[in-house]
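Here's the letter readout for the chains.
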Amino acid sequence: MPTYNMTAPLKDEDVAKLHVGDVVKLSGTIYTARDAAHKRLCDMLDNNEKLPFELKGAVIYYVGPSPAPEGRPIGSAGPTTSYRMDTYAPRLHSLGVKASVGKGKRSPEVRKALQEHTGVYFGATGGAGALLSQCITAAKVIAFDDLGPEAIRELTVENFPLLVVNDSHGGEQYAKPNFEF
């Protein structure tokens, strides 16, 4: 399996070279959002309101982190099951989102959107939230603070370990990740 070091936000050419089973160590800025935040983003789009972050090239991590312990930017930050965002994901991909991160299978509509808009779905290791949080160097709430753990956060990540589960070529795989923290 090839391993790529990439920096978010992502570009089409970054995503297009990825194939199912590839490992990516992602650095840069990513955003957290779960289903309630996705609904609000789509409501904002419906009302022609400015979104709290730029969708073009964005990576959205499906996570509701635990409170940050003293001296850390974030608490445990393991992935959430992705299918709950499948209603909203195709629209966000059509507007520039390049990647999502979660766990579990995606709907045919999401997989089609990844192909049509050069996107990718990354799997993060479920049950390893405390380890994954060690790759997060900064975190701040940027929207929907009233949602608590489900608020949208801007994260700075460094070598965040991901596995390509669905690629922009139509590939799909569920394999044991082959990477180390």
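If you look the protein up in an unreviewed UniProt entry, it shows as FumA C-terminus/TtdB family hydratase beta subunit from Halodesulfovibrio aestuarii. UniProt, in the comment section headed Sequence similarities (unreviewed entry), describes the protein in these words: "Belongs to the class-I fumarase family."

A. Molecular detail of the overall build of the protein. Within the protein one finds five helices and seven strands. The order of helices and strands in the protein, counted from the N terminus, is β-α-β-α-β-α-β-α-β-α-β-β. The C-alpha atoms of the protein give a radius of gyration of 15 Å, which matches the 16 Å a tight globule of 181 residues would have. With the principal axes as the frame, the protein shows a C-alpha extent of 40 × 40 × 25 Å. The buried share among the 181 residues of the protein stands at 50%. Restricting the contact set of the protein to residue pairs at least 6 apart, pairs at least 24 apart contribute 62%. Carbon together with sulfur atoms contributes 47% to the accessible area of the protein, which is approximately 8,300 Å² in total. Counting 20 positive and 21 negative side-chain charges, the protein places the centres of these two groups 2 Å from one another.

B. Representation of the packing of aromatic side chains in the model. The final tally for this structure, using the stated rule, is two aromatic pairs. Considering the side-chain rings of Y31 and F53, the 4.2 Å spacing of their centres and the 15 degrees angle between planes classify their relative orientation as stacked. Placement of the pair is Y31 in strand β2 (residues 23–32) and F53 in the loop between α2 (35–46) and β3 (59–61), with a sequence separation of 22 residues. Pair check on accessibility: Y31 and F53 agree, each one buried. Between Y61 and F160 the ring centres are 5.3 Å apart and the planes differ by 70 degrees, which places this aromatic pair in the edge-to-face class. One end of the pair, Y61, is in strand β3; the other, F160, is in strand β7 (residues 152–166), with 99 residues separating them in the sequence. With respect to burial, Y61 and F160 carry one shared label: buried. Just above the ring of Y121 sits the side chain of R106; from NZ or CZ to the centre is 4.8 Å.

C. Geometry of the side chain of T80. Here T80 is to be found in the loop between β3 and α3 (89–94). In this structure, T80 is in contact with R34, Y62, V63, G64, M85, G102 and K103, ignoring residues within four places of it in sequence.

D. Up close: the environment of Y121. Tracing the chain through its elements places Y121 in strand β5 (residues 120–123). Note: C-alpha distance between Y121 and S100 (21 residues apart in sequence) is 5.1 Å. In this view, Y121 contacts S82, S100, V101, G102, K103, G104, R106, L114, L163, V164, V165 and N166; residues no more than four positions away in its chain are not counted. Here the side chain of Y121 touches K103 through a polar contact of 3.1 Å, landing on its backbone nitrogen.

E. Spotlight on the nonpolar core. L26, Y61, F122 and F160 are the most contacted members of the largest nonpolar core, which has 26 residues in total. Where this core is concerned, the elements lending two or more residues are β1 (3–8), β2, β3, β4 (99–102), β5 and β7. Counting residues per element, this core draws most heavily on β7, at five residues. Dropping the residues within four chain positions of it, F122 is found in contact with L10, L18, V24, A99, S100, V101, G102, L162, L163, V164 and V165.

F. Here's a closer look at unusual backbone geometry. The omega torsion across A8 and P9 is 5 degrees, close enough to zero to call that bond cis. Turning to its location among the elements, P9 is positioned in the loop between β1 and α1 (12–16). At T118, a position not held by glycine, the phi torsion is positive, near 50 degrees. By the secondary structure assignment, T118 is in the loop between α4 (108–116) and β5. The exposure class assigned to T118 is partly exposed, which follows from its relative accessible area of 21%. You will see that N159, though not glycine, has its phi angle at about 55 degrees, which is positive.

Definitions and limits used
- Residues numbered from 1 in each chain as written.
- Predicted model: local features only at pLDDT ≥ 70, side-chain atom pairs only at ≥ 80, totals over all residues.
- Heavy atoms only, no water.
- UniProt positions renumbered as here; feature names shortened; annotations may be inferred.
- Helix = DSSP H or I, 4+ residues; strand = E, 2+ residues; numbered from the N terminus.
- Rg over C-alpha atoms; globule rule 2.2 N^0.38 Å.
- Buried < 20%, exposed > 50% of the residue type's maximum accessible area, 1.4 Å probe, protein only.
- Contact = heavy atoms within 4.5 Å.
- Areas by Shrake-Rupley, 256 points an atom, 1.4 Å probe, with all protein chains shown as cover.
- Lys, Arg positive; Asp, Glu negative; His and termini not counted.
- Charge placed at Lys NZ, Arg CZ, Asp CG, Glu CD.
- Phe/Tyr/Trp six-rings, centres within 6.5 Å; stacked < 30°, edge-to-face > 60°.
- Lys NZ or Arg CZ within 6 Å of the ring centre and 35° of its normal.
- Polar contact = N/O pair within 3.5 Å; in protein donor to acceptor, adjacent residues only side chain to side chain.
- Core = buried A, V, L, I, M, F, W, Y, C linked by side-chain atoms within 4.5 Å.

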